[in-house]
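# Remarks on the overall topology
Spelled out, the chains give:
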Amino acid sequence: MLSPDNRLLRVLRGEAAKPGEPIPVWFMRQAGRYLPEYRALRERHDFLTLARTPELAGEITLQPVRRLGVDAAILFADILLPLLPMGAPFRFAAGEGPVFDAPLSSRADVERLRIIEGPEMAYVGETLRLVAQELPPETALIGFAGAPFTLASYLVEGGHSKDFRKVKQLMWSDPETFELLMGKLTETTIRYLELQISNGAQVVQLFDSWVGILSPDDYARQVLPHSRRILTALSSTPTLHFGVDTASLLPLMATAGATGLGVDWRLPLATARKLVPAGMPLQGNLDPLLLLAPVEVLLERCRRILIEGRSGPHIFNTGHGLVPETPPDSVKRVVDLVHAGVPPG
């Protein structure tokens, strides 16, 4: 059963670590494609079946906790799942990722999108309840959602994009339609995360994976207000906020209202601390591809991050999700190193 006194929650509450206590460690995309036990399930079920079947999604959520001893379990799901009941079907194409065969291209398309109700995502709540019953009490349970801009990018681009020109052009040429889209995604995201919290999520992370393609001005004008609305609505629950390649946006993201900020590998933690309010917890920031490097290189980089992280509240994590080629043994070595701590000096 879940405990309110696990290491992750104490860091996010700003509490000092207990004597000899290591910092918490977990990894983005720790539940899934690099684990052999996940691949065994994937051979029998497609991704959406796994994600929408509570017994299967719960088992996958727990797999890295059992194998690695991480300090948090993160819900096995996908940031795009709420888009299905909104009326935006997608599929996963081999080698391409998610594909929307009917991307949004007009105001009428946006007007047709529905704001979801909680019961439409009830399977996610059931998954969290099942995990909460099985999770060791010292392990935190994390829920998550995609932030409105990242979801809008997929909807407008039709999938992943190299330059995000379509969503940028919508934002600049038809700001009213862009605002309508962002508003619907914001309300859906609030309801989706409230569902997760009411079913056991102790922390929720808002992923704005592609927001780093924006200038600070565009972010401040047309994205930040929506992120702030979500995080303010969830202010009674610890929250984490993360984006990729967001060094230029970090000071603004720090004003959105999250409890802690994720930092990717492009920005040293020491530099990030100068850009955010004093004492704000930071999460990160190992390059996930270092888990494919020689072990001695990997562990040395981890030690550097642990030393840098001592300057304030710190949660060890990767600076983006684990890739499918990641060796599970390398991930376990990192967990063991973090738990052992780095001697002073």
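This section reports on the structure supplied with the text.

Reading the values: rules and limits
Residues numbered from 1 in each chain as written. Predicted model: local features only at pLDDT ≥ 70, side-chain atom pairs only at ≥ 80, totals over all residues. Heavy atoms only, no water. Helix = DSSP H or I, 4+ residues; strand = E, 2+ residues; numbered from the N terminus. Rg over C-alpha atoms; globule rule 2.2 N^0.38 Å. Contact = heavy atoms within 4.5 Å. Areas by Shrake-Rupley, 256 points an atom, 1.4 Å probe, with all protein chains shown as cover. Lys, Arg positive; Asp, Glu negative; His and termini not counted. Charge placed at Lys NZ, Arg CZ, Asp CG, Glu CD. 1 Å grid on protein atoms, 1.4 Å probe; cavity = no way out; pocket = protein on both sides within 12 Å on 5 of 7 lines; lining within 4 Å. Points joined across faces, edges and corners; volume = space filled by probe spheres on them. Nonpolar A, V, L, I, M, F, W, Y, C, P; charged D, E, K, R; others polar. Axes fitted to C-alpha atoms, helices over the stretch in contact; angles between N-to-C directions. Left-handed = near helix turned anticlockwise from the far one by under 90°. Salt bridge = Lys/Arg side-chain N within 4 Å of Asp/Glu carboxyl O. Buried < 20%, exposed > 50% of the residue type's maximum accessible area, 1.4 Å probe, protein only. Pairing = 2+ DSSP bridges.

Secondary structure summary: the protein chain contains 16 helices and nine strands in total. Relative to the globule expectation of 20 Å for 345 residues, the C-alpha radius of gyration of the protein chain, 19 Å, shows essentially globular dimensions. Each principal axis of the C-alpha distribution contributes one length, and for the protein chain these read about 60 × 45 × 40 Å. Considering only contacts in the protein chain between residues 6 or more positions apart, those separated by 24 or more positions represent 73%. Split by element, the accessible area of the protein chain, about 14,100 Å² in all, is 54% carbon and sulfur. Charge-centre separation for the protein chain: the mean point of 35 positive side chains lies 3 Å from the mean point of 38 negative side chains.

Estimates place the volume of the largest pocket at around 1,000 Å³. Arg-29, Arg-33, Phe-47, Asp-78 and Phe-92 are the residues nearest the centre of the largest pocket, which is lined by 30 residues in total. Of all elements in the fold, only α2 (36-42), β2 (91-93) and β3 (97-99) reach the threshold of two or more residues within the lining of the largest pocket. In terms of residue class, the lining of the largest pocket is made up of 18 nonpolar, seven polar and five charged.

To continue, consider the packing of helix α15 (residues 295-309) against helix α16 (residues 328-340). In helix packing, the relevant descriptors are the interaxial angle and the interaxial distance, both defined with respect to the helix axes. Between α15 and α16, the shortest axis-to-axis distance is 10 Å and the interhelical angle comes to 35 degrees. In the packing of α15 onto α16, the handedness of the crossing is right-handed. Between α15 and α16, the contacting residues are Val-295, Leu-298, Leu-299, Cys-302, Arg-303 and Leu-306 on the first element and Ser-330, Arg-333, Val-334, Leu-337 and Val-338 on the second. Each residue belonging to the contact of α15 with α16 can be placed in one class, and the counts come to eight nonpolar, one polar and two charged.

This next bit is on the pattern of salt bridges. Applying the stated criterion to the full structure yields 22 salt bridges. The shortest N-O distance in the salt bridge between Arg-114 and Glu-120 comes to 2.8 Å. In this structure, Glu-117 engages Arg-191 in a salt bridge whose closest nitrogen and oxygen atoms are separated by 3.0 Å. With Glu-117 in the loop between α6 (107-112) and α7 (122-134) and Arg-191 in helix α10 (residues 175-198), the pair connects residues that are 74 residues apart, well separated along the chain.

Here we take up the pairing of strand β6 (residues 239-243). In terms of burial, β6 is a largely internal element, five of the five residues being buried. Of the two faces of β6, the one carrying Thr-239, His-241 and Gly-243 and the one carrying Leu-240 and Phe-242 are both buried. Looking at chain direction, strand β5 (residues 203-208) and β6 are connected through five bridges and run parallel. Along β6, the bridge assignment pairs Asp-208 with Gly-243. When β6 meets strand β7 (residues 260-262), the two strands line up parallel, connected through two bridges. By the bridge assignment for β7, His-241 is matched with Leu-261.

With that settled, the discussion passes to empty space enclosed by the protein. Rolled over the atoms, a probe sized like a water molecule indicates the empty space that remains. Using the criterion set out here, one finds one cavity of 30 Å³ or more in the structure. Of the voids in this model, the largest cavity is the one considered here, and its volume is about 30 Å³. Thr-246, Ala-247, Leu-250, Val-263, Asp-264 and Leu-267 are the residues that line the largest cavity.

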